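Coordinate analysis (summary)
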Amino acid sequence: MAPIGRSLRQVEKVLAAGADSIFFGVRPQSDATSRLSILAALVEFDLAQAREAIALAHRHGRRAYVTLNSLYDGTQLDAVVAMARELIDAKADALIVADPGLVHRLGRLRGSTELHLSVVGRATNRESAAFWREQGVSRIILDRVIHVDEIRRIKQETGLELEVFVYGGFCFNHHGLCRLSSYFYGEMCLAPCMDRYTVDDLAHAGPTPFRSKQLNAYNALPELLEAGVDAVKIEGRQKSTAYITAVCAAFRRGIDALSAGEPLPDIPASLHIQTSPITTEGFYRGEENMLESIDREVGATASLRQLVNYLSPISMRFALRRQHKVREVKSRARQLSD
Amino acid sequence: MRVNFQTEHEPTGDWSADAINLGERFCVRRFLRRLDEFVDFAKRAALPVHLLTPYYVRERDLDTLIEKIAAVAEHFAGVYVGDVGLARRLADRNAVTYVGSVYNRDAAQLLHDEVGVRRLQMYPPRLASLAEVRAVLPVEIVVHGHIPISATPRCPVRSHLGNCDACEQVRQVSGGPAPLWQRGNTFYAGRKIITYGLVSSFVEMGLDSVVIETFALDEKQISEVSAIYHGEQPPPNDLVSGMFLDDAGAVLDSEPWFQRFRR
């Protein structure tokens, strides 16, 4: 499953690279809500483009999913439901949702369009998954910190379709439990963890203290598929077409080889195009540190004292530069929505 | 309107609270290890004690949590749960307060009808959401104290050292007395929330209860804060509301992003 966001031309290229499905965000049509999905301020289609993208995917025999995975108050919810109706009319194959209220409303409206629970919705065990199944959700997108043994159990107990991220950004927190973005922006995730900061006391942390490693779970593909994962997802709606197609093609080859009973090919060179130099497999096969800054500054052999010295003086003051950045992002988002 | 104190350590002294929320929200292993302490306190306490349970429940921990919590739930006035699956399993026999991202009436209704949630605890929401959700379920909000940037057990100390308890082994941190975990687990400091100026709005909305996070407050400060929220003492003039503002821009410009840790 490949992310899309920059252009309709990108859709063609990504499908040609082997994606079975695409997902993308859509820009709100009214002022009631500023954003309909997380992480999508700068890369969303308008409704007309969304319709075209869905039609394009269908012409290639592939599926198209649309993210509506933020959380909404009552006034916003009406606007989101209206957008969802448009997308259902456009034959979107699934809506990726997180808000229980939206799921509740769409239960009666969705027709043949499926509901997939976003990672923001936080179904991390079989009981949560079963609850969402009863609300009409057919697929759960799991957090990147779930072990394959847990994936297997959830699959066996619920029978739900499961989807996991295998490549791209890695949330340093748990999706849906991080308040960093709401502190900065008053909204859900705009990825402030990826930004650079002016740090007074935490010189060791470098300019990106919150930045996670890049997820690359290519080598975990055999275990993930064996555990019952139905779809693997590439993160990065904001990424370039070249990036997405390269990653997509690499995972396509890997999955096809495994499906044919062959061993997983060696990790292709094309997967070394990540934006972060340090990668992680997530927690699929075991837990590891996910913060890039810790590996960079402390190193794998750091003593406890070194680590504490690194962590303890964490008091930060964010300079005017930070506020300018916030205004710049908001201004850009407004321009795009206009 | 009741005033609850929320803490991960056994409360001492007279804090003039109406109830105490006691437990461990971030780490499952620590929660299980300390559960007997929480039960012991609940048995001795003169006030109702609610059990705070870990908000993030992985599949591997689910069965253990259900079993252990169910076994001791009778000693508590209710349980705070952040996972919808765990909430559902406990709701039959316990008064469950759901702690989560619930911002509209439909979501509250679903949790009430299908999960059995009796009350919601909301971290600083927009006021519009608060009024809307309150129409369906009793709402408790955190009005004062430290709020970490996340509620997460994904602690880099743990993941780096491969030892869940590594942080607790640290007793001297830059000259300060606190082990890292006492800093709210999320050592990247969160902001402090102060909402004296909105108390009258909360009362008008008919809020069931408000919560004061006691992290980083000493006993004297807690007593003062309690008196103010109980209306027994006027709020200081120089402290105004934060984080409940509808205009996020105002928050951006008004305060430094993070509170400094005590050093």
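This text gives an overview of the structure that appears in the document. Since the structure is predicted, the reported quantities are computational estimates derived from the model, not experimental observations.

Structural notes on the overall build of chain B
Tallying secondary structure elements over chain B gives nine helices and nine strands in all. By residue count, 51% of the 263 residues in chain B fall in the buried class. Residue pairs in contact within chain B that sit at least 24 positions apart in sequence constitute 64% of those at least 6 positions apart.

A short note on helix α1 (residues 28-44) of chain B
All names here are of chain B. With 17 residues, α1 ought to run about 24 Å at 1.5 Å a step, and its terminal C-alpha atoms sit 24 Å apart, in line with that. Along α1, the positions that sit buried rather than exposed are Val 28, Arg 30, Phe 31, Phe 38 and Ala 42. Residues of α1 that are buried in the fold lie against β2 (19-23), β3 (49-52) and α2 (59-72).

Overview of the packing of α1(B) against α2(B)
Residues and elements named next belong to chain B. At a minimum axis distance of 11 Å, the contact between α1 and α2 shows a crossing angle of 5°. One finds that α1 runs roughly parallel with respect to α2. Residues Val 28, Leu 32, Leu 35 and Val 39 of α1 lie in contact with α2, whose contacting residues are Asp 61, Thr 64, Leu 65, Lys 68 and Val 72. The residue makeup of the contact of α1 with α2, split by class, is six nonpolar, one polar and two charged.

What to know about helix α9 (residues 241-259) of chain A
Residue and element names in this part refer to chain A. Its 19 residues give α9 an end-to-end C-alpha distance of 26 Å, which sits within 8% of 27 Å, the value for a rise of 1.5 Å per residue. Within α9, burial applies to Ile 244, Thr 245, Val 247, Cys 248, Ala 250, Phe 251 and Gly 254. One or two residues past the end of α9 sits Gly 261, with phi positive at roughly 80°.

A few points about the nonpolar core
Of all hydrophobic cores here, the largest spans 138 residues; its most connected members are Ile22(A), Ala53(A), Val66(A), Leu95(A) and Ile140(A). Beyond its immediate chain neighbours, meaning those up to four positions away, Ala53(A) contacts Ile4(A), Leu8(A), Val11(A), Ile22(A), Phe24(A), Phe45(A) and Ala64(A).

Points about the pairing of strand β6 (residues 137-141) of chain A
Residues and elements named next belong to chain A. Across three bridges, the pairing between strand β5 (residues 114-117) and β6 is parallel. Looking across to β6, one finds that Leu 117 is bridged to Ile 140. The β-α-β motif built from β5, the intervening helix α5 (residues 126-134) and the parallel element β6 has right-handed crossover chirality. Here β6 runs beside strand β7 (residues 161-168); their pairing, made up of three bridges, is parallel. Following the sheet pairing, Ile 141 is matched in β7 by Glu 163.

Parameters and conventions
- Residues numbered from 1 in each chain as written.
- Chains lettered and ligands numbered in written order.
- Predicted model: local features only at pLDDT ≥ 70, side-chain atom pairs only at ≥ 80, totals over all residues.
- Helix = DSSP H or I, 4+ residues; strand = E, 2+ residues; numbered from the N terminus.
- Buried ≥ 20, exposed ≤ 12 C-beta atoms within 10 Å, placed from the backbone.
- Contact = placed C-beta atoms within 7 Å.
- Expected span 1.5 Å × (residues − 1).
- Axes fitted to C-alpha atoms, helices over the stretch in contact; angles between N-to-C directions.
- Parallel < 35°, antiparallel > 145°, perpendicular 65-115°, else oblique.
- Nonpolar A, V, L, I, M, F, W, Y, C, P; charged D, E, K, R; others polar.
- Core = buried A, V, L, I, M, F, W, Y, C linked by C-beta atoms within 7 Å.
- Pairing = 2+ DSSP bridges.
- Right-handed = clockwise from strand over helix to strand, strands pointing away.

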